[in-house]
Amino acid sequence: MEAAQIMLTEEQRELRDALRRFFADRSPAAEVRRLMETAEGHDPKVWAQMAGQLGLQGLAIAEEHGGAGFGMRELAVVFEEMGRAVVCSPFLATITAAAALEAGEGGHDLLPGIADGTTIATLAVAEEDGDWDPGAVSAAFADGVLRGTKSFVLDGHVADLVLVAARDADGVGVYAVEDAAALARSNLPTLDQTRKLARIGLDGVAARRVGGEDALRRALDVAAVALAAESLGGAQRTLDMTVEYAKVRHQFGRPIGSFQAIKHRCADMFVLVESARSAVLHAAAVADENPELLPAAAALAKAYCTDAYFHTAGEAIQLHGGIGFTWEHDAHLYFKRAQSSRQLFGSPDRYRERLAALAGLTGAGAAP
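Note that the coordinates shown come from a computational prediction; the quantities given were computed from them, not determined experimentally.

Here is what the cut-offs are and how they apply
- Residues numbered from 1 in each chain as written.
- Predicted model: local features only at pLDDT ≥ 70, side-chain atom pairs only at ≥ 80, totals over all residues.
- Heavy atoms only, no water.
- Helix = DSSP H or I, 4+ residues; strand = E, 2+ residues; numbered from the N terminus.
- Contact = heavy atoms within 4.5 Å.
- Areas by Shrake-Rupley, 256 points an atom, 1.4 Å probe, with all protein chains shown as cover.
- Lys, Arg positive; Asp, Glu negative; His and termini not counted.
- Charge placed at Lys NZ, Arg CZ, Asp CG, Glu CD.
- 1 Å grid on protein atoms, 1.4 Å probe; cavity = no way out; pocket = protein on both sides within 12 Å on 5 of 7 lines; lining within 4 Å.
- Points joined across faces, edges and corners; volume = space filled by probe spheres on them.
- Nonpolar A, V, L, I, M, F, W, Y, C, P; charged D, E, K, R; others polar.
- Salt bridge = Lys/Arg side-chain N within 4 Å of Asp/Glu carboxyl O.
- Buried < 20%, exposed > 50% of the residue type's maximum accessible area, 1.4 Å probe, protein only.
- Polar contact = N/O pair within 3.5 Å; in protein donor to acceptor, adjacent residues only side chain to side chain.
- Pairing = 2+ DSSP bridges.
- Axes fitted to C-alpha atoms, helices over the stretch in contact; angles between N-to-C directions.

Q: Pulling in residues and values, what's your account of the overall build of the chain?
A: Helix and strand counts for the chain come out as 11 helices and 12 strands. Principal-axis analysis of the C-alpha atoms places the extent of the chain at approximately 75 × 50 × 40 Å. For the chain, the share of sequence-separated contacts (at least 6 apart) that also reach a separation of at least 24 residues comes to 74%. Counting every atom, the chain has about 14900 Å² of accessible surface; 54% of that belongs to carbon and sulfur. Where the 35 positive side-chain charges of the chain centre and where its 50 negative ones centre are 8 Å apart.

This is the structure in structure tokens:
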């Protein structure tokens, strides 16, 4: 039994078990490798099943908007299981966009399409410098159209709905581009082939305002917690595969797991995983019960969990020996996902700076 399992409700554990079976069947390593090479980067049939059979896209969307009305705790369970299986899906991008819509003053009419799985959505914030700080946004909205360029847009190449962070006379706002075909989109090369990123040209594209900077920041906080939970799932899986390997790999006539040095390194991995679990559970609870405290909890979870994942994935490769470095072994899938997760939405260092600022320890800005 995993530590902290008792902190999940019976319903959440049932959700976890159902998801683990679903992703084991729909996202085995061979399927992940296949999807990495496709232009879409995900399986539309599985996306439809996630919505129709499991209701995942609408899980945390309010019932009046077509969703199930659950919260971040349930979403964290979903993302943890997706991280375990390195699922190739625009789910993170879509959930982030949905969070911006729910927190905004407009655009609620777009949520039912997300909830039923017919709309893939994404949030475009960063520009050419890769800065996710809302204060760094330079794209502009004027006279009913957007101008500028967005980069590192998660699943921007397949999104039906793109929410764009742009400046107007009132500051930074969130603008919905519902005619995604009007956008100039191109894929970016990535280290992590399981996660697609795009560059989007906005010049002259019609859009409508759906929220202000508060909605944007709320969405980024939700995304940070979701990514932390996904990283927890990946870290747990790299620990599991390493322990399993240490039991069956023999050197000098005995399993390598019997050597004290290997035991210590696995124990260190375990501590990282369980500390990450605590950070995710805390951040998810804060999101549901004390949203005014979410910025600090999200910053802590994102910084710690993505670093923990990166470390456990690296240890998994090291402790698997020569085979861990090969393309044929799955360890590299987790290592690359861990590296991309560290940088997505802002590096761990940026989130630590944000946490320090929120705690009044520095004069740094409060943005990722």
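After presenting the structure, the write-up continues.
Q: With reference to specific residues and values, describe empty space enclosed by the protein.
A: Per the stated rule, a full pass over the model turns up 5 cavities of 30 Å³ or more. By volume, the largest cavity is sized at about 140 Å³. Taken together, 16 residues form the lining of the largest cavity, with V87, S89, T194, R195 and R337 sitting closest to its centre. Put simply, the parts of the chain that give the lining of the largest cavity at least two residues each are α4 (72-84) and α5 (91-103). The biggest single contributor to the lining of the largest cavity is α5, with 3 residues. Considered class by class, the residues forming the lining of the largest cavity number 8 nonpolar, 3 polar and 5 charged. Its boundaries defined by the atoms lining it, the second largest cavity holds a volume of some 60 Å³. Among the secondary structure elements, those contributing two or more residues to the lining of the second largest cavity are α1 (10-26) and α2 (29-36). The residue makeup of the lining of the second largest cavity, split by class, is 5 nonpolar, 1 polar and 3 charged.

Q: For the pattern of salt bridges, give the residues involved together with the corresponding values.
A: Across all of its chains, the model carries 28 salt bridges by this definition. Taking the shortest distance from any N to any O, the salt bridge between R73 and E289 comes out at 2.3 Å. One end of the pair, R73, is in helix α4; the other, E289, is in helix α8 (residues 260-289), and 216 residues separate them in sequence. By relative accessible area, which is 51% here, E289 ends up exposed. Between D240 and R84 there is a salt bridge, and its shortest N-O distance comes to 3.5 Å. Here D240 is found in helix α7 (residues 213-248), whereas its partner R84 is found in helix α4, with 156 residues between them in sequence. Linked by salt bridges that have partners in common, D192, R195, E230 and R337 make up one network.

Q: Lay out the side chain of E74 in plain terms, naming residues and giving numbers.
A: The residue E74 is located in helix α4 in this model. The buried charged residue E74 lacks any salt bridge, with R73 as its nearest oppositely charged partner at 6.5 Å. Not counting residues within four places of it along the chain, the set of residues in contact with E74 comprises Q12, L15 and L59.

Q: Describe the environment of D129, listing the residues and the values that go with them.
A: With respect to the helices and strands, D129 occurs in the loop between β1 (121-124) and β2 (140-142). For the pair formed by D129 and A301, sequence separation is 172 residues and the distance between their alpha carbons is 24 Å. A polar side-chain atom of D129 sits 3.1 Å from the main-chain amide nitrogen of D131.

Q: An account of the pairing of β1 is needed here, citing residue identities and associated values.
A: Within a regular strand, the side chains alternate between the two sheet faces. Neither face of β1 is left uncovered, since the one carrying A121 and L123 and the one carrying T122 and A124 both have all their residues buried. Two strands pair when backbone bridges link them, and β1 and strand β5 (residues 161-168) are joined in this way by 4 bridges, in the parallel orientation. Bridge assignment links A121 to a residue of β5, and that residue is L161.

Q: Lay out the sheet that holds strand β4 (residues 149-154) in plain terms, naming residues and giving numbers.
A: In spatial order, the strands read β4-β8-β7; together these 3 strands make up an open sheet with antiparallel pairing. Edge positions in the sheet fall to β4 and β7 (184-187), since each of these pairs with one other strand and no more. With strand direction ignored, the average angle separating the axes of adjacent strands in the sheet is 25°. Pairing of β4 with strand β8 (residues 197-201) involves 4 bridges; the strand directions are antiparallel. By the bridge assignment, K150 is partnered in β8 with I200.

The quantities given are spatial measurements derived from coordinates; they are silent on function.
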